[in-house]
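# Structure assessment
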Amino acid sequence: MTYDFTTSAVHAVADNIKWNKYAGRDVLPLWVADMDFATAPEITAALQQRVARGSFGYSEPTAELIAAIVGAAQRDYGWALHPDWLVPLPGLVSGLNIACRATGGDADAVLTATPIYPPFMSAPAFSGRPLTKLPLLEPTEGESWRWDWVALEREAASARTLLLCHPHNPVGRVWTADELARLAAIAERHDLTVVSDEIHCDLLLEPGTRHAPLATLSPELAARTITLMAPSKTYNIAGLGCALAIIPDATLRHAFQRTMRGIVPHVNLLGYTAAAAAYRDGAAWRAELLAVLRQNRDAVIAALDGAAGLRVTRPQATYLAWIDCRGAGIAQPQHYFEAAGVGLSDGADFGLPGFVRLNFGCPQATLTEALARMRRALGCA
Ligand SMILES: Cc1ncc(COP(=O)(O)O)c(C=O)c1O
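Residues numbered from 1 in each chain as written. Predicted model: local features only at pLDDT ≥ 70, side-chain atom pairs only at ≥ 80, totals over all residues. Heavy atoms only, no water.

Attention now goes to the side chain of N16. Inspection of the secondary structure puts N16 in the segment before helix 1 (17-20). Here the side chain of N16 touches K18 through a polar contact of 3.2 Å, landing on its backbone nitrogen. (Helix = DSSP H or I, 4+ residues; strand = E, 2+ residues; numbered from the N terminus. Polar contact = N/O pair within 3.5 Å; in protein donor to acceptor, adjacent residues only side chain to side chain.)

With their axes 8 Å apart at the nearest point, helix 4 (residues 92-102) and helix 5 (residues 119-126) run at an angle of 40° to one another. Compared by their axis directions, helix 4 and helix 5 come out oblique. The two elements helix 4 and helix 5 meet at a crossing, and its hand is right-handed. Here V93, L96, N97, C100 and R101 of helix 4 lie close against helix 5, whose contacting residues are P119, F120, A123, P124 and F126. For the contact of helix 4 with helix 5, the residue count by class is 8 nonpolar, 1 polar and 1 charged. (Axes fitted to C-alpha atoms, helices over the stretch in contact; angles between N-to-C directions. Parallel < 35°, antiparallel > 145°, perpendicular 65-115°, else oblique. Left-handed = near helix turned anticlockwise from the far one by under 90°. Contact = heavy atoms within 4.5 Å. Nonpolar A, V, L, I, M, F, W, Y, C, P; charged D, E, K, R; others polar.)

Moving on to the packing of aromatic side chains. Summed over all chains, the structure comprises 10 aromatic pairs. Between F5 and F37, the ring centres sit 5.2 Å apart and the planes meet at 85°, which makes this aromatic pair edge-to-face. One end of the pair, F5, is in the segment before helix 1; the other, F37, is in the loop between strand 1 (28-29) and helix 2 (41-52), and 32 residues separate them in sequence. You can call F37 buried: its relative accessible area is 2%. One aromatic cluster is present, built from ring pairs that chain together F5, F37, Y235 and W285. Between K21 and the ring centre of W31, over which it is positioned, the NZ or CZ distance is 4.6 Å. (Phe/Tyr/Trp six-rings, centres within 6.5 Å; stacked < 30°, edge-to-face > 60°. Buried < 20%, exposed > 50% of the residue type's maximum accessible area, 1.4 Å probe, protein only. Lys NZ or Arg CZ within 6 Å of the ring centre and 35° of its normal.)

In this section: the sheet that holds strand 7 (residues 225-229). One open sheet accounts for 7 strands, arranged 2-8-7-6-5-3-4; its pairing is mixed. With partners counted over all chains shown, the strands left at the sheet margins are strand 2 (86-89) and strand 4 (131-135), one partner each. Neighbouring strand axes in the sheet, compared pairwise and without regard to direction, differ in orientation by 20° on average. Relative to strand 6 (residues 193-197), strand 5 (residues 159-165) runs parallel, the two sharing 5 bridges. Note on strand 6: the bridge partner recorded for C165 is D197. (Pairing = 2+ DSSP bridges.)

Here we come to the domain arrangement of the protein chain. The domain boundaries assigned to the protein chain delineate domain 1 (10-41 + 283-377) and domain 2 (55-281). For domain 1 versus domain 2, the distance between C-alpha centres works out to 25 Å. Taken residue by residue, the interface counts 32 residues in domain 1 and 33 residues in domain 2. Approximately 2800 Å² of surface area, both sides summed, lies buried where domain 1 meets domain 2, with 53% of it carried by carbon and sulfur atoms. Area buried by domain 1 at its contact with domain 2 is led by R286, Q316 and F350, which between them contribute 24% of it. For the pair domain 1 and domain 2, the number of links is 4 salt bridges. Of the charged contacts, one joins E138 and R326 as a salt bridge, the two residues approaching to 2.7 Å between their closest N and O atoms. Where domain 1 meets domain 2, there are 19 residue pairs in polar contact (both at pLDDT 80 or more). Elements supplying a minimum of two residues to the side of domain 1 that touches domain 2: helix 12 (283-304), strand 9 (311-313), strand 10 (320-324) and strand 13 (355-359). Element by element, the count of residues in the side of domain 1 that touches domain 2 is highest for helix 12, at 8 residues. Among the residues forming the side of domain 1 that touches domain 2, the class breakdown is 17 nonpolar, 5 polar and 10 charged. (Domains from an automatic or database assignment. Buried area = accessible area lost by both parts, 1.4 Å probe. Salt bridge = Lys/Arg side-chain N within 4 Å of Asp/Glu carboxyl O.)

The next thing to look at is the site of the ligand. Every residue close to the ligand is listed here: A33, G91, L92, V93, Y117, C165, N169, D197, I199, H200 and K233. Separating an oxygen atom of the ligand from a side-chain N or O atom of N169 is a distance of 2.8 Å. In the model, a nitrogen atom of the ligand is placed 2.6 Å from a nitrogen or oxygen of the D197 side chain. When isolated, the ligand has an accessible area of 400 Å², and the protein chains bury 87% of it. Residue classes in the shell around the ligand are distributed as 6 nonpolar, 3 polar and 2 charged. (Near = heavy atom within 4 Å. Areas by Shrake-Rupley, 256 points an atom, 1.4 Å probe, with all protein chains shown as cover.)

In structure tokens form, the structure reads like this:
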């Protein structure tokens, strides 16, 4: 290993939301989707150089940043992006909310598959649009979470927008080519705009798998797709606030940009600096990160799957494990494990009570201690 994934960088700062939640308490925070590692040294070096200039005016993407984004999309997904398609954003949640306002009126339903990252459910409500929740089918033996195609086809008939999470948070699915093709066909048939949140797309855990942006399936599908991407999860730089909407269709892009007017601020210039370094120079760090995350994922499954009736979905992407606690007879698993010294995310917030989400983006020592606490609480020590 060239890089250090054994040290926790968050202990050196006072402003970290993940750790501050439990300040003064002996609770290991494995909740919000930030990792505990320092970002790639290539990114820190680029930021240090930019800060040293002392010039912090309003900023815009440089030719270097655009080249880094276009280059990474070609290198990593074989996607030939046109620079005109790029709309910088301070965050993806803004993108979800803008998209809900820009792609339909008050009567037009927004569809999303649950359980899901909570802003997928709040964005339609904030935008005054009805939400249709489509429960994913729970895993059966040897399978993972799946689409309910019959229900999707039925609900799509009265919807205008599909909010897709690709890969999916919290169940960790990387949608297969077949699943994406079926989604594409339904979007075409029912004239849906698809908002494809691909924030976790550079965190595919199976060696050799390559992310397929939804918009690369066909030019027709690209014309109805708003892709949301960011380096924030992969490189642990969410606090720098830099994300992207990628919108090939000019009419859709202009509607999105009109909705942003007067509300969405300029992107933070240090976010731009970090994004350029990430997309250009981050690949070696990311490869080592993925090896660490794979080990951590396997450790979570080894410790918890089957323990006292718990079931852990094996994530194909992300550093998040989705854990079914219903078989353990624990009424409120988030509270239960918090009382045992481990702070997890509550499945109820994702639309599925009885589950918790565990963030394994942390040094092995932290994870080992957290898993030991959970096993002790379950009587499995
Ligand atoms: C699917 C998904 N979208 C968006 C976000 C957050 O995006 P941002 O911090 O850029 O608003 C997260 C954070 O975990 C996420 O999991």
